[in-house]
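Structural overview for review
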2 protein chains.
Amino acid sequence: MKLSRKCEYAFLALIDIAQHSDELVKISKISERQNIPKKFLEQILLMLKGSGYLTSRRGANGGYKLATDSEEITVAEIIRLFDGALAPVGSASENFYEETPIEEHEELLSIFKEIRDYVAEKLENTTIADLIEN
Amino acid sequence: MKLSRKCEYAFLALIDIAQHSDELVKISKISERQNIPKKFLEQILLMLKGSGYLTSRRGANGGYKLATDSEEITVAEIIRLFDGALAPVGSASENFYEETPIEEHEELLSIFKEIRDYVAEKLENTTIADLIEN
DNA sequence: ATGTTCTCTATCAATTTAGTAGTCTTTAGA
DNA sequence: TCTAAAGACTACTAAATTGATAGAGAACAT
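Per chain, residues are indexed from 1 in the order of the written sequence. Starting at A for chains and at 1 for ligands, labels are handed out in the order in which the entities are written. A pLDDT threshold of at least 70 governs which residues receive local features in this predicted model, and a stricter bar of 80 or more applies before side-chain atom pairs are shown or counted, although totals over entire chains, interfaces and linings include all residues. No hydrogens and no water enter the side-chain calculation; it runs on all heavy atoms of the structure.

1. Describing the protein's contact with DNA strand C
Lining the immediate surroundings of DNA strand C are 27 residues, of which Lys39(A), Gln43(A), Arg58(A), Lys49(B) and Tyr64(B) lie closest. Here a residue is considered near a molecule or strand provided that any single heavy atom belonging to it is located within 4 Å of it. Take the atoms of DNA strand C that sit within 4 Å of the protein: sugar and phosphate atoms are 66% of them. Note that a base oxygen of DNA strand C is positioned 2.3 Å from one of the side-chain N or O atoms of Gln43(A). Within the contact set of DNA strand C, a base oxygen lies 3.4 Å away from a backbone nitrogen or oxygen of Gly59(A). Think of it this way: any DSSP run of H or I at least four residues long counts as a helix, any run of E at least two long counts as a strand, and we number them from the N terminus. Within the residue set of the surface near DNA strand C, elements represented by two or more residues are helix H1 (5-19) and helix H3 (38-50) of chain A together with helix H3 (38-50), strand S1 (54-57) and strand S2 (63-66) of chain B. For the surface near DNA strand C, the leading source of residues is H3(B), giving five residues. Pairs of N or O atoms are called polar contacts if they sit within 3.5 Å, as long as, within protein, a hydrogen donor faces a hydrogen acceptor (for residues adjacent in sequence, only side-chain-to-side-chain pairs).

Printed below as a string of structure tokens:
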């Protein structure tokens, strides 16, 4: 797993929106506060909305808010949405499995599966709510 | 960290060479046994040699062998050589640090640092010798 | 000499990444 | 009802990375 910019921005945006849960948050506000290119951010929010994490309202006074409680959005889900597999190699992935050369080599493969297990367990048990400082 | 083909092939080649430590192993033999495109494999072996993991002899009866004991080559080193950082994000990397957007966000960053620590510890303590079945 | 084998550099097509651009649709409020 | 504000949607693009391939050269054994 290697985090793309898009995914990093997605986290910053989700955290920003979660921290302003009493209002509809505008793209331009998130863009300013988190230093994310606005047009790029649009696409990211659209993806998050498309996957059910956000709802929005258009027009004057429009903006975004969380569709669900911030405790129900895990870090793992967001990474899988933007960057795919958590495992270091396709053949060790459960959700994004694909054949790769080392597959036949059990010893090597099992190391990467252990890493996958650790990472998945950790990220599936961390939510956006956990990321908000109080 | 996401393993490239090149890196996967490098592991298979190192293991193959380690398993034939009594002889000079030819590129073409590794290519056949491990199903690695020959010209691609050449580059990989050259990198491994350049970094001091292999020595070679040219000409008839030439080939490659390990420059050091297989117990002294760690999985971590090889991944760092071919794919760079073990950490999931540049700002959490010790060896390949770079600035990234989430950097300011301590809570998020610390999660990725924990992953980096686990992965580094594990891969630094696994050597090519550990990968050879007996 | 000759064939074998490693060495080195260049090139390349496809994919991914990190955006930018422009148009359309919806909404609130004057 | 007009208008400005804001999200929705689609297309495009430049640069980097990936996964190779190509070909000429140098060293070595026989």
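2. Quick word on the relation of the copies chain B and chain A
Overlaid copies result from least-squares superposition on C-alpha atoms, with residues included only where pLDDT is at least 70 in both. Each copy superposes on the other: chain B lies on chain A with an RMSD of 0.0 Å after a rotation of 180 degrees and an axial shift of 0.0 Å. Read as a symmetry element, the transformation amounts to a two-fold axis. Residue Met1(B), judged by its C-alpha, is the member of chain B lying nearest the rotation axis, at 2.6 Å. When you check the interface residues of chain B against chain A, 100% turn up at the interface there too, and the contact is symmetric in its surfaces. A contact between two residues is defined here by any heavy atoms of the two lying within 4.5 Å.

3. Describing the layout of surface pockets
Put plainly, a pocket is an open set of points on a 1 Å grid over the protein atoms alone with protein on both sides within 12 Å along at least five of seven lines, a cavity is a set where a 1.4 Å probe fits but cannot get out, and a lining residue has an atom within 4 Å of a point. Grid points are joined across faces, edges and corners, and a volume is the space filled by probe spheres set on the points. Its volume calculated, the largest pocket comes out at about 290 Å³. In terms of lining residues, the largest pocket is bounded by 16 residues, among which Ile27(B), Arg57(B), Arg58(B), Gly63(B) and Tyr64(B) are the most central.

4. Quick look at empty space enclosed by the protein
Summed over all chains, the structure comprises one cavity of 30 Å³ or more. In this model, the largest cavity occupies a volume close to 70 Å³. Those elements giving two or more residues to the lining of the largest cavity turn out to be helix H5 (106-124) of chain A together with helix H5 (106-124) of chain B. For this classification, the nonpolar set comprises Ala, Val, Leu, Ile, Met, Phe, Trp, Tyr, Cys and Pro, the charged set comprises Asp, Glu, Lys and Arg, and every other residue, Gly included, is treated as polar. Class assignment for the residues of the lining of the largest cavity results in 10 nonpolar, no polar and no charged.

5. Notes on the pattern of salt bridges
Residue and element names in this part refer to chain A. A carboxyl oxygen of Asp or Glu within 4 Å of a side-chain nitrogen of Lys or Arg is what we treat as a salt bridge. For the structure shown, the criterion picks out 13 salt bridges over all chains. Measuring nitrogen to oxygen at the nearest pair gives 3.0 Å for the salt bridge that ties Arg116 to Asp117. Partly exposed describes any residue whose relative accessible area lies between the buried limit of under 20% and the exposed limit of over 50%, with all areas from a 1.4 Å probe on protein chains only and scaled to the type maximum. Residue class for Arg116 comes out buried when judged on its relative accessible area of 12%. Look at Asp117 and you get partly exposed, because its relative accessible area is 42%. One connected set of salt bridges, linked through shared partners, spans Glu94, Arg116 and Asp117.

6. Some thoughts on unusual backbone geometry
All names here are of chain A. Positive phi, close to 65 degrees, is recorded for Asn61, a residue that is not glycine. In this structure, Asn61 sits in the loop between strand S1 (54-57) and strand S2 (63-66). Take Asn61: its relative accessible area is 60%, and that puts it in the exposed class.

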